[in-house]
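# Secondary and tertiary structure notes
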Amino acid sequence: MATETPPPATPGAPLPSTEEFTEVQQSAEFGELRRAHRSFAFPLTLAFTAWYLLYVLLSNYAGGFMGTKVAGNVNVALVLGLAQFLTTFLIAWWYARHAAAKLDPKAQAIKSRMEGGA
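Now for a quick tour of the structure. It should be emphasised that the depicted structure is a prediction, and the values quoted were computed from it without experimental measurement.

### Describing the overall build of the protein chain
- Looking only at helices and strands, the protein chain features 4 helices and 2 strands.
- The linear arrangement of helices and strands in the protein chain, starting from the amino end, is α-α-α-β-β-α.
- Of all 118 residues assigned to the protein chain, the portion counted as buried reaches 18%.
- The contacts in the protein chain between residues at least 6 apart in sequence include a share of 64% that link residues at least 24 apart.

Put into structure tokens, the structure is as follows:
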């Protein structure tokens with residue numbers, strides 16, 4: 001299950017010091033991990049927020065357009081509203097794939113090094 005907690009640090013291994021954490025935070029490897037996350041998460045967050053605000057603005061100021069029938073009693077507002085849910089799930093799925101492929105290996109490498117495994 002994806003929501004399980006990570007395994008604890010190696011038993012008996014000393015915890016990294018504050019200085020070691022600071023050193024890793026300032027390392028190029030950690031910067032690359034941070035960039036990989038931000039270059040994916042920030043643009044998608046901005047795009048989804050803009051998409052959501054467009055829906056809200058259309059709902060408030062374009063009632064005629066939103067009330068346009070698409071099929072039977074289904075109108076543009078309902079289609080766009082359901083598209084909001086679909087977009088949310090697609091972004092979550094896409095992020096999970098991105099994290100598994102690009103973020104998790106880098107984070108695991110840093111974690112292993114911090115725990116003295118590499």
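### Quick notes on the packing of helix α1 (residues 18-25) against helix α4 (residues 76-114)
- Contact pair α1 / α4: the axes reach a minimum separation of 11 Å and the direction vectors enclose 150°. Comparing their axes, α4 and α1 come out roughly antiparallel. Regarding α1 and α4, the two cross each other, and that crossing is right-handed. From α1, Glu 20, Phe 21 and Val 24 reach across to α4, where they touch Ile 110, Arg 113 and Met 114.
- Of the residues contributing to the contact of α1 with α4, the split by class is 4 nonpolar, no polar and 2 charged.

### Some points on a nonpolar patch on the surface
- Among the surface-exposed residues, Val 70, Val 74, Leu 78, Val 79, Leu 82, Phe 85 and Phe 89 lie close enough to one another that they form a single nonpolar patch of about 680 Å² accessible area.
- A per-element tally of the nonpolar patch places α4 first, with 5 residues.
- Following the sequence through the fold, Phe 89 ends up in helix α4.

### Observations regarding the packing of aromatic side chains
- One pass over the full model with this rule turns up 2 aromatic pairs.
- With 5.1 Å between their ring centres and 80° between their planes, Phe 40 and Trp 94 make a pair best called edge-to-face. Remark: Trp 94 occurs in helix α4 and Phe 40 occurs in helix α2 (residues 28-61); sequence separation between them is 54 residues.
- We classify Phe 40 as buried; its relative accessible area is 12%.
- Overall, the relative accessible area of 44% leaves Trp 94 in the partly exposed class.
- On the numbers, 5.8 Å between centres and 45° between planes, the contact of Phe 40 with Tyr 95 is tilted. Here the residue Phe 40 occupies a position in helix α2, and Tyr 95 occupies one in helix α4, the gap between them amounting to 55 residues.
- Through a chain of ring-to-ring contacts, three or more aromatic side chains come together here, namely Phe 40, Trp 94 and Tyr 95.

### Focus on the pattern of salt bridges
- The tally for this structure, following the rule as stated, stands at 3 salt bridges.
- Where Lys 106 meets Glu 32, a salt bridge forms, and the shortest distance between an N and an O atom there is 3.2 Å. Placement of Lys 106 in helix α4 and of Glu 32 in helix α2 is noted, with a sequence separation of 74 residues between them.
- Taking the relative accessible area as the measure of exposure, Lys 106 reaches 24% and is therefore partly exposed.
- A relative accessible area of 41% places Glu 32 in the partly exposed class.

### Here we look at the nonpolar core
- Counting 7 residues, the largest nonpolar core consists of Val 24, Leu 33, Ala 36, Ala 99, Leu 103, Ile 110 and Met 114.
- In this structure, Ala 99 is in contact with Asp 104 and Pro 105, ignoring residues within four places of it in sequence.

Definitions and cut-offs
Residues numbered from 1 in each chain as written. Predicted model: local features only at pLDDT ≥ 70, side-chain atom pairs only at ≥ 80, totals over all residues. Heavy atoms only, no water. Helix = DSSP H or I, 4+ residues; strand = E, 2+ residues; numbered from the N terminus. Buried < 20%, exposed > 50% of the residue type's maximum accessible area, 1.4 Å probe, protein only. Contact = heavy atoms within 4.5 Å. Axes fitted to C-alpha atoms, helices over the stretch in contact; angles between N-to-C directions. Parallel < 35°, antiparallel > 145°, perpendicular 65-115°, else oblique. Left-handed = near helix turned anticlockwise from the far one by under 90°. Nonpolar A, V, L, I, M, F, W, Y, C, P; charged D, E, K, R; others polar. Patch = residues over 30% accessible without salt bridge, like charges linked within 9 Å, V, L, I, M, F, W, Y side chains within 5 Å. Areas by Shrake-Rupley, 256 points an atom, 1.4 Å probe, with all protein chains shown as cover. Salt bridge = Lys/Arg side-chain N within 4 Å of Asp/Glu carboxyl O. Phe/Tyr/Trp six-rings, centres within 6.5 Å; stacked < 30°, edge-to-face > 60°. Core = buried A, V, L, I, M, F, W, Y, C linked by side-chain atoms within 4.5 Å.

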